[in-house]
Amino acid sequence: METIVQIMKKYDFSEMETLVYTTLLEKGVMTGYEVSKQSGVARSKVYNVLEKLIKKNLVVVNKSEPKLYYAISAEEFLERLEKSVKQDLNVLENQLGNIKVQEEEELLWKLESYANVMDKIEHLIGHAKKSLLIQIWEDDLSKDLVELLQQAEKKVDRFVLILFSNKHHYDIPLSNYYIHGFEEEKLKDFGSRWINIVADESEVVFGTMDELNQTIDVTWTQNRAMVSLSKEYVKHDAYTLKIIQENPDTLQKVYGKEFEKIRLIYKED
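Note that the coordinates shown come from a computational prediction; the quantities given were computed from them, not determined experimentally. Residue positions are counted from 1 within each chain, in the order its sequence is given. A pLDDT threshold of at least 70 governs which residues receive local features in this predicted model, and a stricter bar of 80 or more applies before side-chain atom pairs are shown or counted, although totals over entire chains, interfaces and linings include all residues. Excluding hydrogens and water, the side-chain values take into account all heavy atoms of the structure.

> I'm lost on the UniProt feature "domain: Transcription regulator TrmB N-terminal" (unreviewed entry) in the protein in this one. Help?
UniProt positions are given in the numbering used here, feature names are shortened, and annotations may be inferred rather than shown by experiment. In this structure's numbering, the residues bearing the UniProt feature "domain: Transcription regulator TrmB N-terminal" (unreviewed entry) are residues 8–75. For the purposes of this entry, the term helix denotes a DSSP run of H or I that reaches at least four residues, the term strand denotes a run of E that reaches at least two, and both are numbered from the N terminus. Annotation note: span residues 8–75, helix share 57%, strand share 9%, distance between end C-alpha atoms 15 Å.

> Please explain the nonpolar core as it appears in this structure.
Each nonpolar core is a collection of buried residues, namely Ala, Val, Leu, Ile, Met, Phe, Trp, Tyr and Cys, held together in the definition by side-chain atoms within 4.5 Å. Burial here depends on accessible area, computed with a 1.4 Å probe over protein chains only, as a share of the maximum for the residue type. Under 20% is buried, over 50% is exposed, and the range in between is partly exposed. Grouped together as the largest cluster of nonpolar side chains are 31 residues, with contacts concentrated most on Leu132, Leu149 and Leu161. Mapped by element, the contributors of at least two residues to this core are α6 (114–127), β4 (131–137), α7 (143–155), β5 (158–164), β7 (193–199), β8 (203–209) and β9 (216–221). Ranked by the residues each element gives to this core, the list is headed by α6, at 5 residues. Contacts: residue pairs with any heavy atoms within 4.5 Å of one another. Ignoring anything within four residues of it in the chain, the contact list for Leu149 reads Ile125, Ile134, Leu141, Phe159, Leu161 and Leu174.

> Explanation requested: unusual backbone geometry in the structure shown.
With the exception of glycine, most residues fall at negative phi, and the peptide bonds are largely trans. Cis geometry is found at the peptide bond from Glu65 to Pro66, where omega equals -5 degrees. Positive phi outside glycine occurs at His168, with the angle close to 60 degrees. Locating His168 in the fold gives a position in the loop between β5 and β6 (177–179).

> Looking at this model, I keep getting lost on the pairing of β8. Mind explaining?
Side chains on a regular strand alternate between the two faces of the sheet. Burial within β8 is extensive, with 5 of its 7 residues counted as buried. Think of it this way: DSSP has to see at least two bridges between two strands before they count as a pair. Bridge analysis of β7 against β8 gives 7 bridges, and the strand direction is antiparallel. Counted as the bridge partner of Asn196 is Phe206 from β8. In this structure, β8 lies alongside β9, joined through 6 bridges in antiparallel fashion.

> How should I be thinking about a nonpolar patch on the surface in this particular structure?
Patch membership requires over 30% relative accessible area and the absence of a salt bridge. Like charges are linked within 9 Å, and nonpolar side chains (Val, Leu, Ile, Met, Phe, Trp, Tyr) within 5 Å. For the area figures, the Shrake-Rupley method with a 1.4 Å probe applies, and any residue is considered shielded solely by the protein chains shown. Note on definitions: salt bridges are taken to be side-chain nitrogens of Lys or Arg within 4 Å of carboxyl oxygens of Asp or Glu. Taken together, the side chains of Val29, Val60, Leu68 and Tyr70 present a nonpolar region at the surface, about 340 Å² in accessible area. Within the secondary structure, Val60 is located in strand β1 (residues 59–61). Accessibility expressed as a relative area gives 44% for Val60, which makes it partly exposed.

> Could you clarify how one ought to interpret a negative patch on the surface in this entry?
Together, Asp119, Glu122, Asp144 and Glu147 make up a negatively charged patch on the protein surface. The set of elements that each furnish at least two residues to the negative patch consists of α6 and α7. Asp and Glu count as negative and Lys and Arg as positive, but His and the ends of the chain are not part of the count. Charge coordinates come from a single atom per side chain, which is NZ of Lys, CZ of Arg, CG of Asp or CD of Glu.

> Looking at this structure, how should I read the pattern of salt bridges?
Following the criterion strictly, the structure yields 8 salt bridges and no others. Two residues, Glu82 and Lys86, come together in a salt bridge whose shortest N-O distance is 3.4 Å. Of this pair, Glu82 and Lys86 both sit in helix α5 (residues 74–97), separated by 4 residues, roughly a single helical turn. For Lys86, a relative accessible area of 47% translates into the label partly exposed. Between Lys231 and Glu201 there is a salt bridge whose closest N-O contact spans 3.6 Å. Of this pair, Lys231 sits in helix α9 (residues 224–246) while Glu201 is found in the loop between β7 and β8, placing the two residues 30 residues apart along the sequence. Several salt bridges converge on common partners, so that one network encompasses Arg158, Glu201 and Lys231.

> Where do I start with the sheet that holds β4 in this structure?
Neighbouring strands of a sheet are bound in pairs by backbone hydrogen bonds; such pairs are parallel or else antiparallel. Spatially, β3-β9-β8-β7-β4-β5-β6 is the arrangement adopted by the 7 strands of the open sheet, whose pairing is mixed. Of all strands in the sheet, those bounded by a partner on one side alone are β3 (108–111) and β6. Averaged over all adjacent pairs, the angle separating strand axes in this sheet is 15 degrees, with direction ignored. Note that β3 and β9 share 4 bridges and pair antiparallel. Here the axes come from fitting lines to C-alpha atoms, over the contacting stretch only for helices, and the angles between their N-to-C directions go from 0 to 180 degrees.

> I'm lost on the packing of α6 against α7 in this one. Help?
How two helices pack is summed up by the angle between their axes together with the distance between the axes. Close contact between α6 and α7 brings their axes to 8 Å; oriented N to C, the two are set at 25 degrees. Between α6 and α7, the angle falls in the class roughly parallel. For the pair α6 and α7, the sense of crossing is left-handed. Residues Met118, Ile121, Glu122, Ile125, Gly126 and His127 of α6 lie in contact with α7, whose contacting residues are Leu145, Leu148, Leu149, Ala152 and Lys155. Under the scheme applied, nonpolar residues are Ala, Val, Leu, Ile, Met, Phe, Trp, Tyr, Cys and Pro; charged residues are Asp, Glu, Lys and Arg; polar residues are all the others, including Gly. Class assignment of the residues belonging to the contact of α6 with α7 gives a composition of 7 nonpolar, 2 polar and 2 charged. For classification, angles of less than 35 degrees are called roughly parallel, those exceeding 145 degrees roughly antiparallel, those between 65 and 115 degrees roughly perpendicular, and all remaining angles oblique. The hand of a helix crossing depends on one turn: near helix anticlockwise from the far one by less than a right angle means left-handed, and clockwise means right-handed.

Okay, here's the thing in structure tokens:
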């Protein structure tokens, strides 16, 4: 019931209105007194709530005494709500779509929560037209996001994904992705997992997230330097992993079984 109450609040139904409607929906025809008793809404308030629901077309009342109340079916209510939401979205799409956006390309915008990060990357992936370059951890690949990536891979001309996994789970239903495989060393560099998604070489979501998604340091930007840097970062990973994938034996002889020597890039090493 708590979930229903929270969702209904989004569509301008109070908790008492939801309780009264769902009670009538479950119990059928009732008097105001019976509604109050069954729903837990005080008798002094229940008739006012019933009148509001009548005006919202969720409840009907008979024309004789005693007054009896009856809820419209959930199916009818949901059909009306869906129709209303679609109409509102069409109005917003038409009116907001005509507002010219002034883009601040050089600024960096902080995404405050994990939910905001995921919403933003879903938007980038879903609206990409030409290219998607991605570094992502298994932890962040929800079922819905994987489906969105599958659609994007078929749609854009240039698609590449670098997959990281602490548990070495690398089996995903995509065609052009590379298994990183060196997560332990990369985590030492970054301190936590990260995300890097470049869409159409015009905008990027990049940053780090801790294991429990409590500490989020992720930025969205259209800054050209940041976009270029993030793009090259993904491409460099792909180039390196492709070479390793195609020449493992030769490279292991030179750099060690786990390619540990490839990271020895400083003079003191």
